Amino acid sequence: MSEVRNKAQLAKQAAFRLGRLSTEEKNQALLIMADALIQRTADIMEANAEDLRRGKELGTSASLLDRLALNEARIEGIAEGLRQIVELPDPIGDTLETIDRPNGLNIVKKRVPLGVIGIIYEARPNVTVDAAGLCLKTGNAVVLRGGSSALSSNRKIIEVLHEAMERTALPKEALQLIEDPNRSSVDEMLKLNGLLDVIIPRGGSSLIQNVVMNATVPVIETGAGICHTYLDASARPDMAAAISINAKVQRPSVCNSMETLLVHADYAKSHLTSLAEAFRERNVELRGCQRTLEYIPWAAVATSEDYATEYNDYILNIKIVDRLDEAIEHISVYGTKHSECIVTENEDHAERFLQEVDAAAVYHNASTRFTDGFEFGFGAEIGISTQKLHARGPMGLPALTSSKYVIIGSGQIRE
């Protein structure tokens, strides 16, 4: 039996036991797991150093190495994510709806776990812990398949979590890591109907499209992040600059960072050159439309391909538009329905943007960098869904549940 099928079967068997645990038992286990991560920080960082060293030898880009890198602060943040999950309400067993029928039947709709969740992701070892915490809290077993570039880190993290789980009521078999680095292990996961109840991909567009196009197991699609910020004519210069720079520079390697800055022509006349200088000081490569080059002659010409690219790097497209409709139209063509922002003092324009732009998260006067489970108060996230079925946006605990109807009768039969 292959590693993938064997571990999926172990997870499915453990899911039954996991579903019988109380909220208190799950919470206590997550706290023990969080403490273990802190206690074993040095071991985790040593394993992570192996991945980073291998990545540098293979010529991995700086932005991807940043996604891969762990340090004491990041590990503390990962552990804090588990602690925040503990503080959140357990959705399992919640009553969603109650229906009392004329024949005396009492029908109650309740939240239940999805079952066994498969998660396929790339060089983000923090996802290993986030996924474990969210899935286990909601009574779901989880089968993780991380990228080969983070294999040493993921192995050590799972080792630490398994050792912690042995001191709790949680069955360690409910948390599985696929260690086979070959793509065939991903392909096998996609076909595990009957063992996996859902697959969630996290990563670049090629990974996500491979999963969406080839999986027979149901998929919750998390999308690439080609995110835009639109500076309207009435945008306050100080706010516009702060939001734009934060959205691009604060951490460009993640999916909620800005890839294209849309600028109203009137705003560009007074402020685009100085804003471009601020980006240049931060080593951001600028690419723009022909009108942009009139203000920023050192910028490269942006192509349609550039506008359709998720850089995850210090590269930014700029496009000048004459009206709000043009900005919304550009987003509709090139956006990935992730996160979009308007900076404006015009409330009518803000309301139109928020209503008409089709994205999982739309912002008025705030950076797109906030599209994140931690920032939304979810403790962590399993991913950011850009689809519309079941879940959309940062997926916290409720997004990892399904429902069932519980019907209470007193001998009713159907005529």
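Residues numbered from 1 in each chain as written. Predicted model: local features only at pLDDT ≥ 70, side-chain atom pairs only at ≥ 80, totals over all residues. Heavy atoms only, no water.

So the rule is basically this: UniProt positions are given in the numbering used here, feature names are shortened, and annotations may be inferred rather than shown by experiment.
If you check an unreviewed UniProt entry, the chain appears there as Gamma-glutamyl phosphate reductase from Paenibacillus lautus. Heading Pathway (unreviewed entry) of the UniProt record for the chain holds this comment: "Amino-acid biosynthesis; L-proline biosynthesis; L-glutamate 5-semialdehyde from L-glutamate: step 2/2." The Function (unreviewed entry) field of the UniProt record for the chain holds the comment "Catalyzes the NADPH-dependent reduction of L-glutamate 5-phosphate into L-glutamate 5-semialdehyde and phosphate. The product spontaneously undergoes cyclization to form 1-pyrroline-5-carboxylate."

1. Here we look at the domain arrangement of the chain
Accessible area lost on assembly of the parts is the figure often given for the size of an interface. Which entries qualify depends on this criterion: Boundary definitions for the domains trace back to an automatic or database domain assignment. The contact criterion used throughout is that any non-hydrogen atoms of two residues lie within 4.5 Å. Once two parts are brought into contact, the accessible area they lose, counted with a 1.4 Å probe and summed over both, makes up the buried area. Take a side-chain nitrogen of Lys or Arg and a carboxyl oxygen of Asp or Glu: if they are within 4 Å of each other, that pair is a salt bridge. Polar contact criterion, stated in full: a pair of N or O atoms within 3.5 Å, where within protein one must be able to donate a hydrogen and the other to accept it, and residues adjacent in sequence count only if both atoms are side-chain atoms.
Each domain of the chain was delimited in the assignment, giving domain 1 (3-221 + 387-407) and domain 2 (227-370). Between the C-alpha centres of domain 1 and domain 2 the distance comes to 33 Å. With eight residues of domain 1 in contact, the opposing surface of domain 2 contributes 10 residues. Between domain 1 and domain 2, a total of about 780 Å² is buried, with carbon and sulfur atoms accounting for 37% of that surface. Three residues stand out in domain 1 for area buried against domain 2, namely S63, R67 and R392, and they jointly supply 57% of the buried area on that side. Counting every contact that joins domain 1 to domain 2 gives two salt bridges. Where domain 1 packs against domain 2, one counts four residue pairs in polar contact (both at pLDDT 80 or more).

2. Brief notes about the pattern of salt bridges
Inclusion rule: Strands here are runs of E lasting at least two residues and helices are runs of H or I lasting at least four, both read from the DSSP assignment and numbered beginning at the N terminus. Each residue is assigned to one of three classes by its accessible area relative to the maximum for its type, calculated with a 1.4 Å probe on protein chains only: buried under 20%, partly exposed between the two thresholds, exposed over 50%.
On inspection of all chains with the given rule, the structure shows 28 salt bridges. D66 is the partner of R251 in a salt bridge, and the nearest nitrogen-oxygen pair spans 3.2 Å. One end of the pair, R251, is in the loop between α10 (237-249) and β8 (258-264); the other, D66, is in helix α4 (residues 62-68), and 185 residues separate them in sequence. A relative accessible area of 26% places D66 in the partly exposed class. Note that D358 is salt-bridged to R392, the shortest N-O span being 2.8 Å. Taken as a pair, D358 in the loop between α15 (347-356) and β13 (361-364) and R392 in the loop between β14 (384-385) and β15 (393-394) lie far apart in primary sequence, 34 residues in all.

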